[in-house]
Amino acid sequence: YPTFEVTGQAGSNFNRIGAPVAMLGMYEFDKMYNGAAAYTNYKYIVFYGGARDGWQWVTGYNFWAGYGPALSEIADAQGFIKSKQFHLSTDEEDYPTFEEEPEPGSV
């Protein structure tokens, strides 16, 4: 199970207490949990809580952040993280092109 890095969150100013700053960093495989690979950065754990709870991103296996999406909706921890608008180091950036566009009516 490869490690991955959470590098930022879209639209975040990182001023919220406890998150998302503590959610950033390198995530390593922790264990298989409810049929999916769980990962940790040693501050947060991303795991599948089962059919009833869905995906969770919390500080421990005994914590709950609400009903997350099912494994059939999001297949892995990385997909769940991305669904929360966080970026992974492996994401490809969409950079704007700087090609000049012809002005309307000039062509």
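Residues numbered from 1 in each chain as written. Predicted model: local features only at pLDDT ≥ 70, side-chain atom pairs only at ≥ 80, totals over all residues. Heavy atoms only, no water.

## Observations regarding the overall build of the protein chain
Then step 1. Tallying secondary structure elements over the protein chain gives 1 helix and 6 strands in all.
Then step 2. When its helices and strands are written in sequence order, the protein chain yields β-β-β-β-β-α-β.
Then step 3. Out of the 107 residues belonging to the protein chain, those deemed buried represent 36%. (Helix = DSSP H or I, 4+ residues; strand = E, 2+ residues; numbered from the N terminus. Buried < 20%, exposed > 50% of the residue type's maximum accessible area, 1.4 Å probe, protein only.)

## Quick notes on the sheet that holds strand β6 (residues 86–88)
Then step 1. Here 6 strands make up an open sheet; going across it, the order is β5-β4-β3-β2-β1-β6 and the pairing antiparallel. Whereas interior strands pair on both sides, the edge strands pair on one side only; in this sheet they are β5 (55–58) and β6. Between one strand and the next, the sheet's axes are offset by a mean angle of 35°, whatever the strand orientation.
Then step 2. Pairing of strand β1 (residues 4–9) with β6 involves 3 bridges; the strand directions are antiparallel. When the bridges of β6 are listed, valine 6 appears paired with leucine 88. (Pairing = 2+ DSSP bridges. Axes fitted to C-alpha atoms, helices over the stretch in contact; angles between N-to-C directions.)

## With respect to the environment of aspartate 53
Then step 1. Mapped onto the secondary structure, aspartate 53 falls in the loop between β4 (45–48) and β5.
Then step 2. Residues aspartate 53 and alanine 65, spaced 12 residues apart in sequence, show a C-alpha to C-alpha distance of 8.8 Å.
Then step 3. With residues near it in sequence (within four places) discarded, aspartate 53 still touches Trp64, Gly66, Tyr67 and Gly68.
Then step 4. A polar contact of 3.3 Å, which involves the side chain of aspartate 53, links it to the side chain of tryptophan 64. (Contact = heavy atoms within 4.5 Å. Polar contact = N/O pair within 3.5 Å; in protein donor to acceptor, adjacent residues only side chain to side chain.)

## Focus on unusual backbone geometry
Then step 1. Its identity is not glycine, yet asparagine 34 carries a phi of approximately 55°, on the positive side.
Then step 2. Here asparagine 34 shows up in the loop between β2 (25–33) and β3 (36–40).
Then step 3. Judged by relative accessible area, which is 43%, asparagine 34 ranks as partly exposed.

## Let's talk about the packing of aromatic side chains
Then step 1. The full count for this structure, using the stated rule, is 12 aromatic pairs.
Then step 2. An angle of 65° between the planes, with centres 6.3 Å apart, marks the rings of tyrosine 27 and tryptophan 57 as edge-to-face. With tyrosine 27 in strand β2 and tryptophan 57 in strand β5, this residue pair connects regions lying 30 residues apart in the sequence.
Then step 3. On the basis of relative accessible area, tyrosine 27 is assigned to the buried category, the value being 0%.
Then step 4. The exposure class of tryptophan 57 is buried, given its relative accessible area of 7%.
Then step 5. An aromatic cluster is defined as three or more aromatic residues linked by ring pairs; in this entry it consists of Tyr1, Phe4, Tyr27, Phe29, Tyr39, Trp57 and Phe86.
Then step 6. Stacked on the ring of tyrosine 61, the Lys or Arg lysine 31 has its end atom at 4.3 Å from the ring centre. (Phe/Tyr/Trp six-rings, centres within 6.5 Å; stacked < 30°, edge-to-face > 60°. Lys NZ or Arg CZ within 6 Å of the ring centre and 35° of its normal.)

Just geometry here; none of it tells us what the structure is for.
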